[in-house]
Protein chains: 2
Amino acid sequence: MTRIFPTLVLVPLCAVAAADEGMWTLDNFPADAVAEKYDVSIDDRWLRNAQLATTRLESGCTGSFASANGLVLTNNHCTWSCIRNLSTAERNLSDEGFMARARDEELRCPGQQISVLVDFEDVTDKIASATQGMDEADANEARKAESTRLEAACEAAADGERHCEAVKLYNGGQYFIYEYQRYDDVRLVFAPELDIAAFGGDPDNFNFPRWCLDMAFLRAYEDGKPAKTPNYLRWRASGPDAGEPVFITGHPGSTDRLLTVAQLKFQRDVTLPLWLLRYSELRGRMMAWKNTSDAAARTVQQRILGYENAIKVRRNELKALQTDYMIERKAAGEQAMRDAVAADPKLAAAYGEAWDLIERSLAAHRNFYEEHLFIESSAGLSGELYYYAKTIVRGTAEREKPNDERIRAYTDAALPGLEQSLFAARPVDKDFEEVQLTFSLEKMREWLGPDSQWVHLILGKEAPDALAARLVAGSKLDDPAYRRKLWEGGVEAVAASDDPLVRLAARVDPGARDLRKRYEDEVEAPRVRGEQMIADARFRLYGTDTYPDATFTLRVTYGAVEGWQERGDTIEPFTRTARLFERATGQAPFRLPESWSRAREDLDPETPFNFVATTDITGGNSGSPMIAADGALIGLAFDGNIHSIAGDYWFDGSVNRTVGVNTAIMLEAMKTVYGAGHLVDELTFVD
Amino acid sequence: MTRIFPTLVLVPLCAVAAADEGMWTLDNFPADAVAEKYDVSIDDRWLRNAQLATTRLESGCTGSFASANGLVLTNNHCTWSCIRNLSTAERNLSDEGFMARARDEELRCPGQQISVLVDFEDVTDKIASATQGMDEADANEARKAESTRLEAACEAAADGERHCEAVKLYNGGQYFIYEYQRYDDVRLVFAPELDIAAFGGDPDNFNFPRWCLDMAFLRAYEDGKPAKTPNYLRWRASGPDAGEPVFITGHPGSTDRLLTVAQLKFQRDVTLPLWLLRYSELRGRMMAWKNTSDAAARTVQQRILGYENAIKVRRNELKALQTDYMIERKAAGEQAMRDAVAADPKLAAAYGEAWDLIERSLAAHRNFYEEHLFIESSAGLSGELYYYAKTIVRGTAEREKPNDERIRAYTDAALPGLEQSLFAARPVDKDFEEVQLTFSLEKMREWLGPDSQWVHLILGKEAPDALAARLVAGSKLDDPAYRRKLWEGGVEAVAASDDPLVRLAARVDPGARDLRKRYEDEVEAPRVRGEQMIADARFRLYGTDTYPDATFTLRVTYGAVEGWQERGDTIEPFTRTARLFERATGQAPFRLPESWSRAREDLDPETPFNFVATTDITGGNSGSPMIAADGALIGLAFDGNIHSIAGDYWFDGSVNRTVGVNTAIMLEAMKTVYGAGHLVDELTFVD
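Residues numbered from 1 in each chain as written. Chains lettered and ligands numbered in written order. Predicted model: local features only at pLDDT ≥ 70, side-chain atom pairs only at ≥ 80, totals over all residues. Heavy atoms only, no water.

1. Here we look at the overall build of chain A
The following threshold applies: To qualify as a helix, a DSSP run of H or I must reach at least 4 residues; to qualify as a strand, a run of E must reach at least 2; elements of each kind are numbered from the N terminus. Radius of gyration means the value over C-alpha atoms here, while the globule rule gives 2.2 Å times the residue count to the 0.38 power. The contact definition used throughout considers only heavy atoms, calling two residues in contact when any of these lie within 4.5 Å. Here the accessible surface of atoms and residues is derived via Shrake-Rupley with a 1.4 Å probe, and residues count as covered only by protein chains that are part of the display. When charges are counted, Lys and Arg contribute as positive and Asp and Glu as negative, whereas His and the chain ends are disregarded. For charged residues, the charge sits on one atom: NZ in Lys, CZ in Arg, CG in Asp, CD in Glu.
When you go through chain A residue by residue, the secondary structure sums to 24 helices and 20 strands. Taken over C-alpha atoms, the radius of gyration comes to 25 Å for chain A, in line with the 26 Å a tight globule of 687 residues would show. For the C-alpha atoms alone, the extent of chain A along its principal axes is close to 65 × 65 × 55 Å. In chain A, once contacts between residues fewer than 6 apart in sequence are set aside, the share between residues at least 24 apart is 81%. Total accessible area computed for chain A in this model is approximately 24,700 Å², and 47% of it derives from carbon and sulfur atoms. With 79 positive and 109 negative side-chain charges, chain A shows a separation of 3 Å between the mean positions of the two kinds.

2. Examining the relation of the copies chain A and chain B
Our working rule: Here the copies are matched by least squares. The fit uses the C-alpha atoms of residues with pLDDT of at least 70 in both.
It takes a turn of 180° to lay chain A on chain B, together with a shift of 0.0 Å along the axis; the resulting RMSD is 0.0 Å. Such values leave the two copies arranged in the relation of a two-fold axis. Here 100% of the interface residues in chain A have copies in chain B that are interface residues too; the copies meet face to matching face.

3. Some words on the state of the cysteines
Residues and elements named next belong to chain A. Condition: Pairs of cysteine sulfur atoms within 2.5 Å are what we label disulfides. Three exposure classes are used, based on accessible area relative to the maximum for each residue type with a 1.4 Å probe and protein chains only: buried under 20%, partly exposed in between, and exposed over 50%.
Scanning the entire structure with this criterion turns up 6 disulfides over all chains. What pairs with Cys82 in a disulfide is Cys109, and their sulfur atoms sit 2.1 Å apart. Given an S-S torsion of about -75°, the disulfide between Cys82 and Cys109 has left-handed geometry. Highlighted residues: Cys82 in helix H3 (residues 80–86) and Cys109 in the loop between strand S5 (107–108) and strand S6 (114–122), separated in sequence by 27 residues. Both residues of the pair, Cys82 and Cys109, belong to the buried class.

4. Some thoughts on the sheet that holds strand S17 (residues 608–613) of chain A
All names here are of chain A. Which entries qualify depends on this criterion: Strand pairing is assigned whenever DSSP detects at least two bridges linking the two strands. Only the contacting stretch of a helix is used when fitting its axis, a line to C-alpha atoms as for every element, and angles between N-to-C directions run 0 to 180 degrees.
The 7 strands are arranged S13-S12-S18-S19-S20-S17-S16 in an open sheet whose pairing can be described as antiparallel. The open sheet terminates on both sides in strands that have one partner only, identified here as strand S13 (555–560) and strand S16 (574–576). On average, adjacent strands in this sheet sit at an angle of 30° to one another, irrespective of strand direction. The pairing of strand S12 (residues 245–250) with S13 spans 6 bridges and is classified as antiparallel. Bridge pairing in S13 links Gly250 to Arg555. Helix-sheet contacts for helix H1 (residues 31–38) involve S12 and S13, and the interaxial angle to S13 is about 15°.

5. Description of the confidence of the model for chain A
All names here are of chain A. Under the convention used in this document: pLDDT measures the predictor's confidence residue by residue and takes values from 0 up to 100.
When pLDDT is averaged along chain A, the result is 95, and 97% of the positions lie at 70 or above. Here residues 2–17 is modelled with pLDDT under 50, and outside its nearest four sequence neighbours on either side it reaches 90 contacts, counting other chains as well. Overall fold confidence for the complex sits at a pTM of 0.91, while the interface term, ipTM, reaches 0.89.

6. Comments concerning the sheet that holds strand S12 (residues 245–250) of chain B
Two pairing modes exist for strands in a sheet, parallel and antiparallel, and in both the strands are linked by backbone hydrogen bonds. Residue and element names in this part refer to chain B. Here 7 strands make up an open sheet; going across it, the order is S13-S12-S18-S19-S20-S17-S16 and the pairing antiparallel. Looking at strand neighbours, the two that pair on one side only are strand S13 (555–560) and strand S16 (574–576), the edges of this open sheet. In this sheet, adjacent strand axes meet at a mean angle of 30° when their direction is disregarded. Bridging between S12 and strand S18 (residues 625–627) involves 2 bridges; their strand directions are antiparallel. Residue pairing for S18: Phe247 is matched across the bridge by Ile627. Against the sheet, helix H23 (residues 663–673) contacts strand S17 (608–613), strand S19 (633–640) and strand S20 (658–662), and its axis sits at roughly 35° relative to S20.

7. Details of the packing of aromatic side chains
Formally: By convention, a stacked pair of Phe, Tyr or Trp rings (six-membered ring in the case of Trp) has centres within 6.5 Å and planes under 30 degrees apart, an edge-to-face pair has planes over 60 apart, and any other such pair is tilted. Two conditions define a charge sitting above a ring: the NZ of Lys or the CZ of Arg must be within 6 Å of the ring centre, and it must be within 35 degrees of the ring normal.
A complete count under the given rule lists 48 aromatic pairs over all chains for this structure. When the ring of Phe176(A) is compared with that of Tyr178(A), the centres are 6.1 Å apart and the planes differ by 80°; the resulting orientation is edge-to-face. When the centroid spacing of 4.1 Å and the interplanar angle of 5° are considered together, the rings of Trp275(A) and Tyr279(A) count as stacked. Of the two residues, Trp275(A) and Tyr279(A) both sit in helix H9 (residues 261–289), 4 residues apart, roughly one turn of that helix. For Tyr279(A), a relative accessible area of 23% gives the class partly exposed. Three or more aromatic residues joined by ring pairs form one cluster here, namely Phe29(A), Tyr38(A), Trp46(A), Phe247(A) and Tyr558(A). Above the ring of Trp275(A), the side-chain terminus of Arg314(A) is found at 4.1 Å from the ring centroid. The aromatic ring of Trp487(B) is capped on one face by Arg399(B), whose charged end is 4.6 Å from the ring centroid.

8. Topic: unusual backbone geometry
Residue and element names in this part refer to chain A. With an omega of 10°, the peptide bond between Phe208 and Pro209 qualifies as cis. Mapped onto the fold, Pro209 is located in the loop between helix H8 (201–204) and strand S10 (216–222). One non-glycine residue, Asp159, adopts positive backbone phi at about 55°. Residue position: Asp159 is located in the loop between helix H6 (136–157) and strand S7 (163–169). Judged by relative accessible area, Asp159 falls into the exposed class, the value being 66%.

9. Let's talk about the pattern of salt bridges
Note the following rule: Any Lys or Arg side-chain nitrogen found within 4 Å of a carboxyl oxygen on Asp or Glu counts as a salt bridge.
In the structure shown here, the tally under the stated rule is 109 salt bridges over all chains. A salt bridge links Glu446(B) to Arg315(A), with the shortest nitrogen-to-oxygen separation between them at 3.8 Å. Within this pair, whereas Glu446(B) is found in helix H16 (residues 430–448), its partner Arg315(A) is found in helix H10 (residues 294–321), the two belonging to separate chains. The pair formed by Glu446(B) and Arg315(A) is uniform in burial state, with each residue classed as buried. Glu244(B) serves as the salt-bridge partner of Arg236(B), at 2.8 Å between the closest nitrogen and oxygen. Across the pair, exposure class does not vary: Arg236(B) and Glu244(B) are buried alike. Within this structure, Lys144(A), Glu376(A), Arg394(A), Glu398(A), Lys401(A), Asp509(A), Arg513(A), Arg516(A), Glu520(A) and Glu524(A) form a network of salt bridges that share partners.

10. A look at the interface of chain A and chain B
Quick reminder of the rule: Buried area: the accessible area, evaluated with a 1.4 Å probe, that two parts lose upon being put together, summed over both parts. Throughout this description, a polar contact denotes any pair of N or O atoms lying within 3.5 Å of each other; where both atoms belong to protein, one of them has to be capable of donating a hydrogen while the other can accept it, and for residues adjacent in sequence the pair is counted only when both atoms sit in side chains.
Each partner contributes to the interface: chain A provides 41 residues, whereas chain B provides 41 residues. Summing both partners gives a buried area of about 3,300 Å² for chain A against chain B, and 52% of it is carried by carbon and sulfur. Counting the contacts that link chain A with chain B gives 12 salt bridges. Between Asp324(A) and Arg268(B) there is a salt bridge, and its shortest N-O distance comes to 3.5 Å. Taken together, chain A and chain B are joined by 11 residue pairs in polar contact (both at pLDDT 80 or more).

11. Focus on the pairing of strand S1 (residues 54–57) of chain A
All names here are of chain A. Here S1 shows two buried faces, one formed by Thr54 and Arg56 and the other by Thr55 and Leu57. One ladder, built from 4 bridges, connects S1 with strand S2 (residues 61–65); its direction is antiparallel. Its bridge partner being in S2, Thr54 is matched across the sheet by Ser64. Between S1 and S2, which follow one another and run antiparallel, lie 3 residues, and Gly60 among them has a positive phi close to 120°. When S1 meets S6, the two strands line up antiparallel, connected through 2 bridges. Residue Arg56 lies in a different strand from S6, and its bridge partner there is Ser115.

Shown next, in the form of structure tokens:
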């Protein structure tokens, strides 16, 4: 439900692919190809309205404005952390659902932020001049420093009213500064019960046919009042027609379609297996731990769905990478490009070394992959409390430096977002923290070995469970006021703190910084240079009628409402309400909430529920509006089918499908099941 | 600790490899090569005594007779199920250890059997004539029927005094009938505490340097008295010298060195990932579940170590198969052999089709791998209780058929062993059964999908946890008397039983048999024929100075006590007691039992503890005697180093090492820590 995965380019794109492939930037949308294939016109006005009506949820999703008063439609699963933070022992909003009957009942989501892209600038040349003539490691540092300076200049030019971010596209072929309007007061308006939002749970996840009301409304506030959002999407109450063209705007998180074969094999052999082993075990621990108390169940209920979702994604990514003939096709495309580069002396001199640079980067990474993962990336020290400790220890030290010398997570442009997250009054379940930390310490010892210097530094002679219990019990970092005190007190307050997690983070930090530096110089620097060479060579050889890998920045994709063939069977594009009730067993995850059982007689069994389209999306697109050619909202993307997962590496238009919620069932449910007429009244309709 | 893995043969062996490679059958031991390399003579008398002094533990291990009165030395970890079955809430033999001070204190291990190979006969020609001219599927059935008849004839010839088993060697290049003396009254004599037997737990497992007293004594009984065992091994109290030649007899369980590249890729892409995902999650569930009660902790304590061991093995097998250059070497060897076959018209006609047959088998298997695994192999219905139900339902039906038409698990030769296991008074922890069954049902639904006919048949509209709770609570199969009643009552008793697990097994059986038949005809039959062709071609092309893949039958391997080089460091072959105490942290799994802390001052810090040798072993060799050229026992194999795991596919003599317990520390511990002078007195020494 969280990731809905995309597309590729086996041989680097020469022209728009025949399939409905591509996560296009808005300045390079293939309007002519779309007009030719679907006989519809998507003009700049259409694109501009879609851009301003599409929101990014900083927690990793997309949404769309549904009224001029800041109402945001997104997926239910995009609001889970908000719902969890607002739930109590007395009131489990995940099980019960939530609806504000009036504005003053809307509840602020701790730490939630949403952004709207308002402008962008191409800075490729500026980055190029800042790194001219340098070796890889120096260029890597200079590139980051220049990005920091460009962001600061952008924010200064907007008098601090905008949030600016450097964006790398085409693996380094282009650099942009994106300028966002940011809302940091976001409130929960409406969310159905988990049982209908995620009906079918993990067994049905990434499957279709499907029946999930995976919707929720948030609202953006400014100065304590609903934000004014004149660009919003009108709805079509009847939803899409079969075969109708459909467009999706949103923020696809990441794809790997431009990676080299060596990089794909690294994922297949190193990254994915280690991740899957760890998370499969973590899932097992959480499945057993949730039975130990009601509080435990509440804490991990949605998190388990999150783990399961991620496991299904990575399991199928691994399966995709084990498809030898696909890897061979990739390899053939890569070889064709290398041959073309080698055949032209100028290209050969400029880009010939690219693939060797990447292989060198991977070989270096393999030497300390586990150490870097468990220590610098904190896989050995999991949990919110350690995250707070690390952020405070490192962030206060970084703040002492000039802006453009800092680690990029702590630049002036990044700090407001970071501080909002650090100070948010999110409840911390200390039992859960202990389970998590114990697990991660055990895995660290398992993978680094009991004789590792890191294991000695962190565990000493303590057992993982005993250490975790002591650290979590003794820490005050669950108190936002204490975090703020340390953060504002800076390096001196940190040095004086006797909080055991702060002390541990301070002890780990110097060595972790060494690992970071080693990673930047030996792994990142040659990789970035190699990737940039390949990107430039690709533009030179194949032109720019192509799209970049996903980067959690705004994209638009197009396609049509259409089923597919599965082992000889035709999968129809629509599901309807009648089958939902037949499929319900009364047992989770196939259990319906009481509200639906009660409303059964009043619901039209023929109402279209979920549907599929040939659009090219991935994780981060969750909550994306599905828009008709006339600009009307006709659906809400929440998932892909099982074939969409291979879309991380390549797009197979014959089977890769987006799964969405039909506006028809959203409206009927609001009216008939939830009595949410006031929300329906806030919407604007085109039919 | 359970698997200690072997050797190979990248290009089919032409002569004895230079490394100390090979799990040799006793009739084909390369005595000349050994004499040349190590200047020692291993003659038939030596081999015959080693054969009769080596025991197979039917639970999957090896042991050796240590006296003329049936005393058997094996690993502690080979006795864990016995120890668990004999433990109670009041007396946890795993934590406390166990020592019988007199014969009448020796405790019978429920269901444990041990066997000694006394004779064998080559029946390759008989199997060949029984299958002459048949297509693969018919030949596959005929081969099994002939094996059953040959076993029955062998047992009849020995007046029922022997247990006979058909054995396939060289993937079908040879067939043998092995004749065993079997002991079905096996008692626990001595076992140290888990904390010292498995010191270092999973973190140290497959590592070296190492400090584990992984030893135990059992005793074989006949007619209620200690068995007479004139062939036993004398001990050398001082253990081995550095560089000394060493020989290991035992029952390596299985290796995959003769598989084709297509078969290896099937393991890499299908078998291993699915297994690892399931068991990583199961491990996580058990880690969390063990904290819910003392009974739970006792039930799963050793099982978790078992899961962890198996996970480490398979994780490193996967890593081995991801070593592209090793796969390429395998592929080159395979291609060389295919070219040699193709170049000779006679060979081409006889064997040319072999590799295609195997690819066809794999393609067929891929189509229903999950269904076969979860249903016919019962991965979706785990636990002892379901095992009993399935065995009773299927076994009573099979017993109705003539012997040579039965599934091979239910032939007259197999039934005594099966019945001993079925009727053994092993305690069943119903809570554990419920956790296991719930997990396996959930995984079945996850992998087969909620719409699978199997999921509908087994779950109906029940949730996995609710169904598991109902089945386990309602079943009487934990009572051995009830199992015996059903088994002896035959198909009518089964049909009349209202036990919910029996009813479920009866409902699953017809479809499961269909899957079995499909597997035999589409997967097994072409594979067996293809493998046999390759085996024959290999003999024709490269001769018979080679060894077969491991098959849990008696083998001997040779090598020397020798360390290795690890990233530039020299690993010395011996560890000593002093470092054990330095390494202890007081926290599991680096916690010493009280008996050792108390004895610390009395122990010689210089006593050699564990050691490594270049011998080629694998899982099933656990508990194997490590024997000097003069026939004296000098060590007890219990593990391999991390490099030994890749030995499933190939043998790298430069790093693959066996890890053993030195006789010196075994004797000192018995005398100084455990006051087991009476056991030391029962041994015979050569120095």
